[in-house]
Amino acid sequence: MALHLGSIAPDFEQDSTEGRIRFHQWIGDSWAILFSHPKDFTPVCTTELGRAANLKDEFDKRHVKMLAVSVDPVTEHKKWIGDIEETQRATMNFPILGDSDRKVAKLYDMIHEEANDTLTVRSVFIIDPNKKIRATITYPASTGRNFGELLRVIDSLQLTDNHKVATPADWKDGDECVIAPSIQDPKELAERFPKGFRALKPYLRLTPQPNK
Ligand code: BEZ
């Protein structure tokens, strides 16, 4: 079945560089980000894992656990980690799933046969504490992901879960937000947005970020 935004992220059990992982239990009350790498000992993946490890404090601040997956065995991942740490000035600080049986890759539809029939594309799943898939991003193997962008998406999700706003193009934490069009009652507007708002159009109203 297709994995859609709002679907429950499929649960699984698989070995990782930090031991056996039961996915839902491992997520616990946190958010999670699950991202796939086409293959071990490949250049783009090496830079991505180093970048992710160097940003772990930022993911921790947002209560997001990181989990990578690659279709090679854990024994290979452990050898590869030496190269990642050496070349990316990083210390690997989150698990990489071994997925040589492609259990996770298949469950999450990470193998796109028209692109490559054995390796995964670069998939990202952002999952909330209720285990719901909240965002997905898919890049080809040739394009390394921007981990700052992933943090930005998480900031937007966590903000809009708690306030009746949406985030406009290129928004980043601290910028003005868009007021949800469903809010029309002047009393509610005043209560929810005490800092005020500016209406460029009746449907396009900008307000300072409510939690800042
Ligand atoms: C890479 O990570 O560099 C890579 C992996 C698979 C195909 C192309 C590039």
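Bear in mind the structure is a predicted one, so any value in this text is a computation, not a measurement.

A. Expanded view of the overall build of the protein. The secondary structure content of the protein amounts to seven helices and 11 strands. In terms of overall dimensions, the protein has C-alpha extents of about 60 × 40 × 35 Å along its principal axes. The burial tally for the protein puts 45% of its 212 residues in the buried class. When contacts within the protein are restricted to residue pairs at least 6 apart in sequence, long-range pairs at least 24 apart make up 66% of them.

B. Main features of the site of the ligand. As a structural note, the neighbourhood of the ligand is formed by P38, T42, P43, V44, C45, R122 and A141. Here an oxygen atom of the ligand and a backbone polar atom of P43 are 3.2 Å apart. R122 is positioned with one of its side-chain polar atoms (N or O) 3.0 Å from an oxygen atom of the ligand. Here the ligand loses 74% of its free accessible area of 260 Å² to cover by the protein chains.

C. Representation of the domain arrangement of the protein in the model. Each assigned domain of the protein is listed with its residue range as follows: domain 1 (13-145) and domain 2 (163-207). Placing the centre of domain 1 and that of domain 2 at their C-alpha centroids yields a distance of 35 Å.

D. Molecular detail of the pattern of salt bridges. This structure, assessed with the given rule, holds 19 salt bridges. Among the ionic pairs, R20 bridges to D15, the shortest N-O distance being 3.0 Å. For D15, a relative accessible area of 38% translates into the label partly exposed. Taken together, the shared-partner salt bridges connect E13, D15, R20 and R22 into one network.

E. Up close: the sheet that holds strand 5 (residues 96-98). Here we have five strands laid out as an open sheet, ordered 5-4-3-6-7, and mixed in their pairing. The sheet terminates laterally at strand 5 and strand 7 (133-139), the two strands that pair on one side only. On average, each strand axis in the sheet is inclined to that of its neighbour by 20°, with strand direction left out of account. In this sheet, strand 4 (residues 64-70) lies alongside strand 3 (residues 31-37) in parallel orientation, the contact comprising seven bridges. Following the sheet pairing, I33 is matched in strand 4 by M66. In the packing of helix 4 (residues 74-88) onto the sheet, contacts are made with strand 4 and strand 5, and the angle to strand 5 comes to roughly 145°.

F. Fine view of a nonpolar patch on the surface. Together, L200, Y203 and L204 make up a nonpolar patch on the protein surface, roughly 310 Å² of accessible area in all. Inspection of the secondary structure puts L200 in strand 10 (residues 198-201). Judged by its relative accessible area of 47%, L200 is partly exposed.

G. Inspection of the environment of G6 at higher detail. By the secondary structure assignment, G6 is in the segment before strand 1 (13-14). In the structure, G6 is positioned 187 residues away from F193 in sequence and 28 Å away in space, judged by C-alpha atoms.

H. Spotlight on the packing of aromatic side chains. Under the defined criterion, the tally for this structure stands at eight aromatic pairs. When the centroid spacing of 6.2 Å and the interplanar angle of 85° are considered together, the rings of F12 and Y108 count as edge-to-face. Here Y108 lies in the loop between helix 5 (103-107) and strand 6 (122-127) and F12 lies in the segment before strand 1, a separation of 96 residues in the sequence. Its relative accessible area of 1% is what places Y108 among the buried residues. Summarising the aromatic geometry, the rings of F35 and F147 are spaced 5.5 Å apart at their centres and angled 75° between planes, so their arrangement reads as edge-to-face. In this pair, F35 is assigned in strand 3 and F147 in helix 6 (residues 147-162), connecting sequence segments 112 residues apart. F35 gets classed as buried once you look at its relative accessible area, which sits at 0%.

I. Geometry of the side chain of S16. With respect to the helices and strands, S16 occurs in the loop between strand 1 and strand 2 (21-22). You can call S16 buried: its relative accessible area is 4%. Only 2.9 Å separates the side chain of S16 from the backbone nitrogen of E18, close enough to count as a polar contact. Polar contacts involving the side chain of S16 include one to the main-chain carbonyl oxygen of G19, which spans 2.7 Å. Beyond its immediate chain neighbours, meaning those up to four positions away, S16 contacts I21, V74, P95, I96, L97 and G98.

Cut-offs used in this document
- Residues numbered from 1 in each chain as written.
- Predicted model: local features only at pLDDT ≥ 70, side-chain atom pairs only at ≥ 80, totals over all residues.
- Heavy atoms only, no water.
- Helix = DSSP H or I, 4+ residues; strand = E, 2+ residues; numbered from the N terminus.
- Buried < 20%, exposed > 50% of the residue type's maximum accessible area, 1.4 Å probe, protein only.
- Contact = heavy atoms within 4.5 Å.
- Near = heavy atom within 4 Å.
- Polar contact = N/O pair within 3.5 Å; in protein donor to acceptor, adjacent residues only side chain to side chain.
- Areas by Shrake-Rupley, 256 points an atom, 1.4 Å probe, with all protein chains shown as cover.
- Domains from an automatic or database assignment.
- Salt bridge = Lys/Arg side-chain N within 4 Å of Asp/Glu carboxyl O.
- Pairing = 2+ DSSP bridges.
- Axes fitted to C-alpha atoms, helices over the stretch in contact; angles between N-to-C directions.
- Patch = residues over 30% accessible without salt bridge, like charges linked within 9 Å, V, L, I, M, F, W, Y side chains within 5 Å.
- Phe/Tyr/Trp six-rings, centres within 6.5 Å; stacked < 30°, edge-to-face > 60°.

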